[in-house]
Amino acid sequence: MQKLRVLVVDDSASVRETLTRILESDPSIEVMGTASDPFVAAKRIQDEIPDVITLDVEMPRMDGITFLRKIMQQRPIPVVMCSSLTEEGSETLMQALEAGAVDVILKPRVDIPKFLEDSKIRICDVVKAAGHARLKNVPRTRNAEERRGAQKKLTADAMLPPPKGAAMARTTERIICIGASTGGTESLRVVLEDLPPDCPGVVIVQHMPEKFTEAFARRLNGLCAVEVKEARDGDTVLRGQVLIAPGNKHTLLQRSGARYYVQVKDGPLVTRHRPSVDVLFRSAARYAGANAVGIIMTGMGDDGARGLSEMKEAGATTIAQDEASCVVFGMPKEAIARGAADKIMPLQSLAGEIVRIGRQ
């Protein structure tokens, strides 16, 4: 099996060393080289084109965003942006996603073992997902095969038990639950920009690091007719409002009488993620049943597939994004294979379907 070849670009020698060690701990990844700045990286790319580039934001001689734009204009290669955990950095990374970056990762912190272990899982998964991403004008000669790590992959059982009993009858407002990962930031923008101010309440899990979800929500709020905000524990799910699950926290749907609200809480990685789509979808199956709509969108892996199946069994309407419009057709593919999706739809049709269902 050919390995996924990665070029690590960062001005810090310690970060280059740590990222190399983390990436090569995965048997399906090979670090083909490192570069201290974009000029060194450009020379390496002339000699050998990598499958994926991890790119620092702030570097000498040329910043990462400028280099990213040059790559996308001249010869698009899947790029994963790497940044420290700062509010200013998260705003900059929103620009990177707009410029064509596939995803974002946090620089690993070797001083906190738990942080390093969790970030190791995300870094390897994000880079492998980027290797499967569809970019315009990129001749793909091969795909690196996804390999599972040795760490046990927890299910939503780690956060709440499976739904029991008969499906809940349709008695209250419709609730829209959406799960996405690689490619989801721009795909979600396409959907949310087309939603009217009176659409049903929406709760979203997008796999992103903490702080970046808040910047992501602010960016969408400035573009959309609906109100978009990062979810806070106890927030009510309201018509015309979209709640984005905060990074590094699980978000669950809860119900009190006719009121739906979200619970934001700590917990282990579930299906290798925190927040996890499976956790959100299972909570929707338990507490909303037939009042819920589950939509699974672009992303690598299988997070959300089991949860969408549980939503369908509970009477919810379930939708999967189609292969042609996905950046990575992993999560929807797994859900479809389970028979969890009532409908398979292109990205451009999802907003219209949400509106149609909300008016029933």
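Everything discussed here concerns the structure shown above.
Our subject in this report is the structure included herewith. (Residues numbered from 1 in each chain as written. Predicted model: local features only at pLDDT ≥ 70, side-chain atom pairs only at ≥ 80, totals over all residues. Heavy atoms only, no water.)

## What about the packing of helix α6 (residues 184-193) against helix α7 (residues 212-221)?
Logical step 1: One can describe the packing of α6 onto α7 by two numbers: an axis separation of 11 Å at closest approach and a directional angle of 35°. Judged by the twist between their axes, the crossing of α6 over α7 is right-handed. Within the contact between the two elements, α6 uses T185, E186, L188, R189 and L192 and α7 uses F216, R219 and L220.
Logical step 2: Across the contact of α6 with α7, the residue classes break down as four nonpolar, one polar and three charged. (Axes fitted to C-alpha atoms, helices over the stretch in contact; angles between N-to-C directions. Helix = DSSP H or I, 4+ residues; strand = E, 2+ residues; numbered from the N terminus. Left-handed = near helix turned anticlockwise from the far one by under 90°. Contact = heavy atoms within 4.5 Å. Nonpolar A, V, L, I, M, F, W, Y, C, P; charged D, E, K, R; others polar.)

## Some details on the pattern of salt bridges
Logical step 1: As enumerated under the stated definition, the model contains 23 salt bridges in all.
Logical step 2: A salt bridge links R5 to E48; the nearest nitrogen and oxygen atoms lie 3.0 Å apart. Linking R5 in strand β1 (residues 4-9) with E48 in the loop between α2 (38-47) and β3 (52-56), this pair joins segments that are 43 residues apart in sequence.
Logical step 3: One salt bridge connects E98 with R219, and the closest N-O pair in it is separated by 2.7 Å. Of this pair, E98 sits in helix α4 (residues 87-99) while R219 sits in helix α7, and the two are 121 residues apart along the sequence.
Logical step 4: Judged by relative accessible area, which is 12%, R219 ranks as buried.
Logical step 5: Several salt bridges converge on common partners, so that one network encompasses E98, E186, R189, E193 and R219. (Salt bridge = Lys/Arg side-chain N within 4 Å of Asp/Glu carboxyl O. Buried < 20%, exposed > 50% of the residue type's maximum accessible area, 1.4 Å probe, protein only.)

## As for the environment of A156
Logical step 1: Of note, A156 is situated in the loop between α5 (113-131) and β6 (175-180).
Logical step 2: Relative accessible area serves as the criterion here: at 4%, A156 is assigned to the buried category.
Logical step 3: As for A156 and V277, which are separated by 121 residues in sequence, their C-alpha atoms are 9.0 Å apart.
Logical step 4: In contact with A156, not counting residues within four places along its chain, are V270, D278, V279 and R282.

## Describing the pairing of strand β9 (residues 241-244)
Logical step 1: Side chains Q241 and L243 of β9 all project onto a buried face; the interleaved residues V242 and I244 project onto the opposite face, where all are buried too.
Logical step 2: Looking at chain direction, strand β7 (residues 201-206) and β9 are connected through three bridges and run parallel. Paired with I204 across the strands is I244, a residue of β9.
Logical step 3: Where strand β8 (residues 227-230) lies against β9, four bridges are found, and the strand directions are parallel. Directly across from K229, in β9, lies its bridge partner L243. (Pairing = 2+ DSSP bridges.)

## What to know about the sheet that holds strand β14 (residues 343-345)
Logical step 1: In space, the seven strands of this open sheet follow the order β8-β9-β7-β6-β12-β13-β14, with parallel pairing throughout. Pairing within the sheet leaves two strands with one partner each, and these edge strands are β8 and β14. Each neighbouring strand pair of the sheet contributes to a mean axis angle of 20°, computed without reference to strand direction.
Logical step 2: Taken together, the three bridges between strand β13 (residues 317-321) and β14 define a ladder with parallel strand orientation. Bridge pairing in β14 places Q321 opposite M345.

## Focus: the pairing of strand β2 (residues 29-35)
Logical step 1: By the criterion of burial, β2 is predominantly enclosed, with five of the seven residues buried.
Logical step 2: By the bridge criterion, six bridges tie β1 to β2 in an arrangement that is parallel. Of the residues in β2, the one forming a bridge with L7 is G33.

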